[in-house]
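A closer look at the structure
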Amino acid sequence: MDANPPPQGQGLKPFTELLKRSLRMKATSFVVGGLVAWLGIDALYAGYAERKRIPTVLRSFEIGSTSLDLGLKEPYFPRPEEEAILGTITSPHHGGFFNLVVGEHGTGKTTVVRHTCQQTGRGVVYTRVPERLPQFAQDLAEAVNYDLDVHISFWKQIRRRFFPPRQEQPTSQLDELATVCNAIAEAARLYESKYKKPAVLVIDNLTKLAKSDVETFQYLVEFAKYQADEHNLVVNFVASEGNTPQRLKDMSERSRLRRIIEIGDLSHSESVRYLTERDVDEDTASSVVSFSGGRISLLKDAQQGLLQNESVEDIKSRFLTLAKDEFGRSRLSLPEDPTELTKRQIKAWSQIISIVDSPNKEIPHRAFVKSVGDDERANHFLQQNIFAYHAKRDTVSLQSTPIELYVMDSVGERGTSQRVAVIDLLSHLPEH
């Protein structure tokens, strides 16, 4: 028997330590194994979701826009020339480019674009940038029948189902947009392989993004350029007023931005026919067109006024008042005393006078930029509802017939005091 036996329990200490170490190793192995299993299940689910979503997007292009709602409360007014031109970009025979459709607000560009997409049918999907920009990725996903929730990880799906959070953390719109665009690109690759022609995506109201979400605007342009290189998808942008067309041209190599199609006002004869088909007699219709021009939104307004027994003269007066109000909102109204004209007003009105004096009522964009000072000032003016930029011709004009009539009433005659004052003050302005 030992003289000094070990303290009670000390003989078991090595075994206890060994057991603890073994349990820790097993726990670590369990955690690592669980993590590997979790990643494996997530990867399998992602692969399953990928296989599930692409065919539905492909099917959206195969169905196309045959059931697209024009959103009209009256019969569609045919525009054969515009429809024929648009048909060449909604049903292209090959890719390698993207296109731009432009037109001032109220010209009916969205209606004729949607109608052309509807008539084209298979191969073209139409979507529109909404007024609520955060909704854009969701709207694009819906247009191609893509379920964004399918892309959410397996474990997040489980957590959502059984442990829903009180407030879901918002997902970046750009991340969602990239996910949808990747699905569209893959579906377009399959479409081109199957039908030997590119799929077409039409994105309307691009101006909204250019003004309010530059990052998303730039992403879409880069996406369109990349798809042009891939030759599987043709993206057609639709934009309206301001400097959006110029910005798009500046960001794009000419070889990729293939066509710029401008949807303008109706001709005089088309405008008269538009009104006579809506129960306006020909003489009255001709009188209305003389001050409304062929802007469809104004023709609709005038027709509604006539239905409510508003006289032609009252409608004209109302249109000219609206034009005057645009100058007020743009802070370009002419003061009673010409000496009160600001430098900004002098530069703007000098261009307005140049436009009304030109034979075709427009001036080169580069001359406009040089006169007002620089690109930034020019872009600011183009965002007002006074001027219109014509991307295809690279020119600037006044935006509408009522604007032009208001200007002619103000400085149209070469001898008017206001015109003389503007030209005189302009000659005294410093070069910069």
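Residues numbered from 1 in each chain as written. Predicted model: local features only at pLDDT ≥ 70, side-chain atom pairs only at ≥ 80, totals over all residues. Heavy atoms only, no water.

**Section: the overall build of the protein chain**
Within the protein chain, the regular secondary structure consists of 18 helices and eight strands. Taken over 432 residues, the protein chain has a buried fraction of 46%. Of the contacts formed within the protein chain by residues at least 6 apart in sequence, a portion of 75% connects residues at least 24 apart. (Helix = DSSP H or I, 4+ residues; strand = E, 2+ residues; numbered from the N terminus. Buried < 20%, exposed > 50% of the residue type's maximum accessible area, 1.4 Å probe, protein only. Contact = heavy atoms within 4.5 Å.)

**Focus on the packing of aromatic side chains**
Enumeration according to the criterion identifies eight aromatic pairs in this entry. Taken together, a centroid distance of 4.9 Å and an interplanar angle of 45° make the contact between F327 and Y406 tilted. Highlighted residues: F327 in helix α13 (residues 312-329) and Y406 in helix α17 (residues 401-411), separated in sequence by 79 residues. Assigned by exposure class, F327 and Y406 land together as buried. Ring geometry for F381 against F387: centres 6.3 Å apart, planes inclined by 75°, an arrangement best described as edge-to-face. (Phe/Tyr/Trp six-rings, centres within 6.5 Å; stacked < 30°, edge-to-face > 60°.)

**Notes on the sheet that holds strand β6 (residues 362-364)**
Strand order in the open sheet formed by three strands is β6-β8-β7, with antiparallel pairing between adjacent strands. At either margin of the open sheet sits one strand with a lone partner, and together these are β6 and β7 (387-390). Within the sheet, the average angular offset between the axes of one strand and its neighbour, ignoring direction, is 30°. As paired elements, β6 and strand β8 (residues 395-398) share three bridges and run antiparallel to each other. Its bridge partner being in β8, P364 is matched across the sheet by T395. (Pairing = 2+ DSSP bridges. Axes fitted to C-alpha atoms, helices over the stretch in contact; angles between N-to-C directions.)

**Notes on unusual backbone geometry**
Only a minority of non-glycine residues have a phi that is not negative, and only a minority of peptide bonds are not trans. Within the chain, N205 stands out as a residue other than glycine whose phi angle is a positive 65°. Within the secondary structure, N205 sits in the loop between β3 (199-204) and α7 (206-212). Using a relative accessible area of 12% as the deciding quantity, one classes N205 as buried. For D394, which is not glycine, the phi torsion reads 60° and is therefore positive.

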